[in-house]
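One letter stands for each residue in the lines below.
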Amino acid sequence: MENPRYEELRDIARQLGLNFFDVIFEVVPQDIMSEVAAYGLPTRARHWSYGKVYNRQRVHGQMGLSKIYEIVLNNDPGYAFLLDTNPEIANLLVVAHVYAHVDFFKHNLYFATTNRNMVNTAVDHALRVDEYIERYGLDRVERVMDIAFAIDRHIDFHKGLVRKPYPTRAVVEREVKQLEYADLFGEEAFALKKVVVGETMPPHAEKDLLWFLAQYAPIEPWERDILEIIRAESYYFYPQFETKILNEGWATYWHAEILHQYAKITPSETIDFGVLHAGVVNPGHRMSINPYYLGYHLLVDVERRWDQLYAAGKSSLSGRDKLFEIRRQENDISFLSNYLTQELADELELFAYGYACEHGPQDRKKCRKCGEIEIKSRSLDAVVQNLLAPRYNYGAPKIVISKVLDDGTLWLEHEAGDLGTLDVKYAEKTLEYVHELWKKPIRLRTINSQGEAIVLKYTTIGFEMGEYIALLHPGDEARLSSPPTFEWTSGGNDSFSVNLSLDPHFSYRNYSTYYDGGITIRQTSWTMPENLWNLAPKGKPIYWKIRGVRSGDQPQTVIESRDIRQFIRL
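Computed from a predicted structure; not experimentally measured.

Another aspect to go through is the layout of surface pockets. Within this model, the second largest pocket holds a volume of roughly 380 Å³. As for the second largest pocket, its lining consists of 16 residues, of which E199, T200, V404, D406 and H473 are closest to the centre. Of all the elements in the fold, those that place two or more residues in the lining of the second largest pocket are strand 8 (399-404), strand 13 (471-473) and strand 14 (478-480). Grouping the amino acids of the lining of the second largest pocket by side-chain chemistry returns eight nonpolar, four polar and four charged.

Before going further, it helps to spend a moment on the packing of aromatic side chains. A complete count under the given rule lists 34 aromatic pairs for this structure. Judged by centre distance (6.0 Å) and plane angle (80°), the ring pair of F104 and F111 falls under edge-to-face. A relative accessible area of 0% places F104 in the buried class. On the accessibility criterion, F111 (0% relative accessible area) is buried. Ring geometry for W533 against F567: centres 6.5 Å apart, planes inclined by 20°, an arrangement best described as stacked. You can see W533 sitting in helix 17 (residues 530-535) and its partner F567 sitting in strand 21 (residues 565-569), a full 34 residues away along the chain. According to the relative accessible area criterion, W533 is buried, its value standing at 4%. These aromatic residues form a ring-pair network of at least three members: F157, Y235, Y238, F241 and Y394. Lying over the aromatic face of F241, R391 brings its terminal NZ or CZ to 4.5 Å of the ring centre. Above the plane of the ring of F506 lies K545, whose end atom (NZ or CZ) is 4.5 Å from the centre.

Let's shift gears to the nonpolar core. Within the largest apolar cluster, 65 residues are counted, with the highest numbers of intra-cluster contacts made by L213 and L227. Not counting residues up to four positions away in its chain, the partners in contact with L213 are I151, I219, L227, V434, L437 and W438. If you look at the next biggest cluster of nonpolar residues, it comprises 60 residues, including F20, V94, F111 and Y339.

The next thing to look at is a nonpolar patch on the surface. On the surface, M287, Y353, Y355 and I373 cluster together into a nonpolar patch covering about 320 Å² of accessible area. Tracing the chain through its elements places M287 in the loop between helix 10 (267-280) and helix 11 (291-311).

With that out of the way, let us pick up the pairing of strand 9 (residues 410-414). Consecutive side chains along a regular strand alternate between the two faces of the sheet. Buried residues dominate strand 9, accounting for five of its five residues. Side chains of strand 9 alternate between two faces, with L410, L412 and H414 and W411 and E413 buried alike. Sheet topology places strand 8 next to strand 9; five bridges connect them, and they run antiparallel. Its bridge partner lying in strand 9, I399 is registered against H414. The turn joining strand 8 and strand 9, which pair antiparallel and follow one another in sequence, is formed by five residues; a positive phi near 90° is taken by G408. Where strand 9 meets strand 10 (residues 442-447), four bridges bridge the pair, whose relative direction is parallel. Residue pairing in the sheet places L412 in a bridge with L444 of strand 10.

The next subject is the pattern of salt bridges. The tally for this structure, following the rule as stated, stands at 32 salt bridges. A salt bridge links K264 to E8; the shortest N-O distance between them is 2.9 Å. In this pair, K264 sits in the loop between helix 9 (244-261) and helix 10 while E8 sits in helix 1 (residues 4-15), placing the two residues 256 residues apart along the sequence. Residue classification places K264 among the exposed residues on the basis of a relative accessible area of 53%. Each of R143, K429, E432 and E436 takes part in salt bridges that share partners, so that together they form one network.

Bringing the pairing of strand 3 (residues 78-83) into the picture now. Among the six residues in strand 3, five count as buried, and that is most of the element. As defined by bridge partners, strand 1 (residues 23-28) adjoins strand 3 across six bridges and the pair is classed as parallel. Looking at strand 3, one finds that F25 is bridged to A80.

Now for the sheet that holds strand 18 (residues 525-527). On the basis of which strands lie adjacent, the open sheet formed by three strands has the order 13-15-18 and antiparallel pairing. Strands with a single pairing partner mark the edges of an open sheet, and in this sheet they are strand 13 and strand 18. Recorded for the sheet is a direction-independent mean angle of 25° between the axes of neighbouring strands.

We classify E8 as partly exposed; its relative accessible area is 25%. Each C-alpha atom, one on E8 and one on K264, is 9.3 Å from the other, the two residues being 256 residues apart in sequence. When sequence neighbours within four positions are dropped, the list of residues in contact with E8 reads Y262 and K264.

For the rest of this paragraph, the subject is the packing of helix 13 (residues 332-339) against helix 15 (residues 380-388). How two helices pack is summed up by the angle between their axes together with the distance between the axes. At their nearest, the axes of helix 13 and helix 15 sit 10 Å apart, and the two run at 170° to each other. In terms of orientation, helix 13 lies roughly antiparallel with respect to helix 15. Here helix 13 contributes D332, I333, L336 and S337 to the contact with helix 15, which in turn contributes V384, L387 and L388. Of the residues contributing to the contact of helix 13 with helix 15, the split by class is five nonpolar, one polar and one charged.

Here we come to the side chain of S501. Relative to the assigned elements, S501 resides in strand 16 (residues 495-501). Note on S501: relative accessible area 1%, which makes it buried. Of note is the side chain of S501, whose polar atom sits 2.9 Å from the backbone nitrogen of D503.

On the surface, D406, D407, D476 and E477 cluster together into a negatively charged patch. With respect to the helices, strands and loops of the structure, D407 is situated in the loop between strand 8 and strand 9.

Next up on the list: the environment of I333. With respect to the element layout, I333 can be found in helix 13. Distance in space between the C-alpha atoms of I333 and Q385 is 9.6 Å, their sequence separation being 52 residues. For I333, the contacting residues outside a window of four places in its chain are L388, R391 and Y392.

Here is what the cut-offs are and how they apply
Residues numbered from 1 in each chain as written. Predicted model: local features only at pLDDT ≥ 70, side-chain atom pairs only at ≥ 80, totals over all residues. Heavy atoms only, no water. 1 Å grid on protein atoms, 1.4 Å probe; cavity = no way out; pocket = protein on both sides within 12 Å on 5 of 7 lines; lining within 4 Å. Points joined across faces, edges and corners; volume = space filled by probe spheres on them. Helix = DSSP H or I, 4+ residues; strand = E, 2+ residues; numbered from the N terminus. Nonpolar A, V, L, I, M, F, W, Y, C, P; charged D, E, K, R; others polar. Phe/Tyr/Trp six-rings, centres within 6.5 Å; stacked < 30°, edge-to-face > 60°. Buried < 20%, exposed > 50% of the residue type's maximum accessible area, 1.4 Å probe, protein only. Lys NZ or Arg CZ within 6 Å of the ring centre and 35° of its normal. Core = buried A, V, L, I, M, F, W, Y, C linked by side-chain atoms within 4.5 Å. Contact = heavy atoms within 4.5 Å. Patch = residues over 30% accessible without salt bridge, like charges linked within 9 Å, V, L, I, M, F, W, Y side chains within 5 Å. Areas by Shrake-Rupley, 256 points an atom, 1.4 Å probe, with all protein chains shown as cover. Salt bridge = Lys/Arg side-chain N within 4 Å of Asp/Glu carboxyl O. Pairing = 2+ DSSP bridges. Axes fitted to C-alpha atoms, helices over the stretch in contact; angles between N-to-C directions. Parallel < 35°, antiparallel > 145°, perpendicular 65-115°, else oblique. Polar contact = N/O pair within 3.5 Å; in protein donor to acceptor, adjacent residues only side chain to side chain. Lys, Arg positive; Asp, Glu negative; His and termini not counted. Charge placed at Lys NZ, Arg CZ, Asp CG, Glu CD.

These values are about where atoms sit, not about what they do.
This is the structure in structure tokens:
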């Protein structure tokens, strides 16, 4: 039977303005708590990685290194698990904390499209995976799950869980939008125009790697189902990652407020509550930040500032009203960017830190400071950037599928920004996984620690890493009826020449855009002009390669593409 004090806290929470789903509380032992924490849900498809997490949670709990007081699930009704060894006051704090979490799940925009029945859906997922294990064996099923978990954060949450396949190639008519007075200036045109859709694969840079591979990789139906199961669960957990600081701050703010309003708390419980609350909002490790601490203090600061604005007639929202608006609209990135102030950052003693030298973690022992950490800045911009860097893109490097080449090669692009380089060890293993599903060469363009473009490649012969020019378009043995646009990777170079020949060894009749055409190409693409195209013989293979130089190097070294491709003019 549920503790009647929980109902009293629930009534106080609703009186204070919280609006949440019904909550089912389960009091469980430490082993069950560790199991739910490891799996993320009460029941989930089995995988060896959950056992690894469970064992760590269990050992840490037994050694007193960490303690899980509660777990609450985004569901309707909400589910919460309380530890059976918690003292009464700890469970009162946790119950108030849970009501605020469920209120957040119900109203925050990032949770609006999540599966509110994932507790039961995950059971169905587990049964399907168990059936595949019975039919195909544990090793085969776990291998596919390994692959899916390696890229399960490479999703596109804003496009949604349910998506249609790309359109097939077709010529369609689309309406032309005319300017309002175009006819007055003799600019009348047809109302419809014909366009080709579905001509490229993918038609846009594709961020959702799991969806793309589930749709287009040459895999069996049961393998596709496993990718879709893990993708669906990744979508479910995404908002929790996006709102960790705000969500925990919201729950902490309200458990303090609810317990403050609870008249039936005894004097000794009040003292114990103060100790527990202080433990929740401790700053954390000096090189990391406790999300409860940061979220709570920021919400308290926002309430104070908006109450002042409201009292001065400068805002239509009181401090409490502003908190409910933030709860509804923000995630961690917008919350910290919009509301953390320099004054609060100074008060909380926040700072940005980094390596004391420029050699970084992968190029150590070059100077006496290698490996040392130092404070880089206490400015608000630097602090916010350091806090937000791990929050971008589900905590994973932003990698998109840019195109599928004519030979089936899957071309990936790493959009690095200011967040650093890829860890080559992890990149190699992940490309191996993707290659196992795609079954054709995989190329990934990224940058190295010097900011130079490099290409990582995985084929049947294994992994390659090098700073070389890779040919992208047109595909080998392409048959063309119009002048081609050649595309390639830079390989760290900034000037290029396209070389054409009727000889695959380029020993004679070699045309160079640099030497013969007097052209220095500064981009990684070049369209053959009509006059040169008209000189190309029809029906014969025309071979092409790229030469590049890095203008900053002295002496300059010419780099040639490793591959030579051919096309035929029809």
